[in-house]
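One-letter residues, chain by chain:
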Amino acid sequence: MLAPPGAGKGTQGERLASWAGVRHIAAGDLLRARASEASPLGRQIADYQARGDLVPDEVVLDVLTPVVVEAAAQGGYILDGFPRTLPQATAAADLAARLGVTLQAAIFLHAPDTVLTRRLLDRASQSGRADDNAEVIRHRLQVFAETTGLLVPYYTERGILVAVDADQPPDSVTADIQARLSAFRTCGPCS
Ligand code: ADP
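Residues numbered from 1 in each chain as written. Predicted model: local features only at pLDDT ≥ 70, side-chain atom pairs only at ≥ 80, totals over all residues. Heavy atoms only, no water.

Peer 1: Talk me through helix H7 (residues 134-146); I want residue IDs and the actual numbers.
Peer 2: In this model, H7 (13 residues) spans 19 Å end to end at C-alpha, consistent with the 18 Å of a helix rising 1.5 Å per residue. Considered for burial, the residues of H7 that qualify are Val-136, Ile-137, Arg-140, Leu-141, Val-143 and Phe-144. With its buried residues spanning 160 degrees around the axis, H7 presents them on a single face. Pointing more than 90 degrees away from the buried face of H7 are the exposed residues Glu-135, Arg-138, Ala-145 and Glu-146. Contact partners of the buried residues in H7: helix H3 (40-51), strand S3 (106-110) and helix H6 (113-127). (Helix = DSSP H or I, 4+ residues; strand = E, 2+ residues; numbered from the N terminus. Expected span 1.5 Å × (residues − 1). Buried < 20%, exposed > 50% of the residue type's maximum accessible area, 1.4 Å probe, protein only. Arc of directions from axis to C-beta. Contact = heavy atoms within 4.5 Å.)

Peer 1: Break down the site of the ligand for me, citing the residues and quoting the values.
Peer 2: Around the ligand, a shell composed of 20 residues is seen, among which Lys-9, Arg-32, Asp-53, Arg-84 and Arg-140 lie nearest. Measuring from an oxygen atom of the ligand, one finds a side-chain N or O atom of Arg-84 at 2.4 Å. Interatomic distance of 2.8 Å between a side-chain N/O atom of Arg-140 and an oxygen atom of the ligand. In isolation the ligand exposes 550 Å². Once the protein is present, 97% of that is buried. Of all the secondary structure elements, the ones that give two or more residues to the shell around the ligand are helix H2 (27-35) and H3. Here the shell around the ligand gets four residues from one element, more than from any other, and that element is H2. Split into classes, the residues belonging to the shell around the ligand amount to eight nonpolar, four polar and eight charged. (Near = heavy atom within 4 Å. Polar contact = N/O pair within 3.5 Å; in protein donor to acceptor, adjacent residues only side chain to side chain. Areas by Shrake-Rupley, 256 points an atom, 1.4 Å probe, with all protein chains shown as cover. Nonpolar A, V, L, I, M, F, W, Y, C, P; charged D, E, K, R; others polar.)

Peer 1: Which residues make up H3, and what are the values?
Peer 2: The end-to-end C-alpha separation of H3 is 17 Å, in line with the 16 Å expected for twelve residues at 1.5 Å each. Along H3, the positions that sit buried rather than exposed are Gly-42, Ile-45 and Gln-49. All buried residues of H3 lie within an arc of 65 degrees about the axis, which places them on one face of the element. Following H3 by one or two positions, Gly-52 has its phi on the positive side, about 80 degrees.

Peer 1: So what's going on with the packing of aromatic side chains? Residues and values would help.
Peer 2: We describe a pair of aromatic rings using the distance from one ring centre to the other and the angle between the two ring planes. Here the structure, examined in full by the defined rule, presents one aromatic pair. Between Tyr-154 and Tyr-155, the aromatic rings sit 4.8 Å apart at their centres with planes inclined by 90 degrees, giving edge-to-face as the arrangement. For Tyr-154, a relative accessible area of 13% translates into the label buried. Here the guanidinium or amino end of Arg-158 rests over the ring plane of Tyr-154, the centre of that ring lying 3.7 Å away. (Phe/Tyr/Trp six-rings, centres within 6.5 Å; stacked < 30°, edge-to-face > 60°. Lys NZ or Arg CZ within 6 Å of the ring centre and 35° of its normal.)

Peer 1: Can you tell me about unusual backbone geometry, naming the residues and giving the values?
Peer 2: Residue Pro-83 is bonded to the preceding Phe-82 through a cis peptide linkage, with omega at 0 degrees. As for its placement among the helices and strands, Pro-83 is situated in the loop between strand S2 (77-80) and helix H5 (86-99).

Peer 1: Quick rundown of the side chain of Arg-140? Include the residues and the values.
Peer 2: Along the polypeptide, Arg-140 turns up in helix H7. Looking at Arg-140, its side chain comes within polar contact range of the side chain of Asp-132, at 2.9 Å. Arg-140 has contacts with Pro-5, Gly-52, Leu-120, Arg-123, Arg-129, Asp-131 and Asp-132, leaving out every residue within four places of it along the chain.

Following this line, the structure appears as structure tokens:
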């Protein structure tokens, strides 16, 4: 799942994983868990996350790879928030090939920045996340536009991009994703 902050990839990723009967792997959550550890690596990850900068690729791969390997052995996975850079996309493809997994779809949830910003500010008081404040939200959206957004043409070229309008109620987004994936499974990216 490829989506800017606030597009709902956590919510939709969980729903999609239970619908498909596979594991939901949320990169941000796994990194936040490591960030809470009192270790030099934990503090380093926490600093990147608090600034809204991407955690270095090697660190992300070290954290994610064992979880992906385990999920593949159990039948598959939904990756949420990974990959976010071209080197991560290559690594994800190599890892899948090594594990005999087919990357079936890259779901791109999109919504205008004004909508994303409003959602993130609305949830800021409950989320308790250091990166849910106006300045860091602006930076996270910029990082998405400059870096992760490049994966949209990458997956389009590979014929697996499924773009879904995330500026709708959560149930409508879920219904759209499921409809698109069901069609996709029978005829490729045909709609
Ligand atoms: P959001 O998409 O709302 O920013 P996430 O929980 O997915 O929320 O990510 C929060 C932060 O975790 C990111 O700003 C970044 O610092 C780090 N992060 C998550 N996934 C990755 C990744 N694949 N590569 C690098 N950093 C990541």
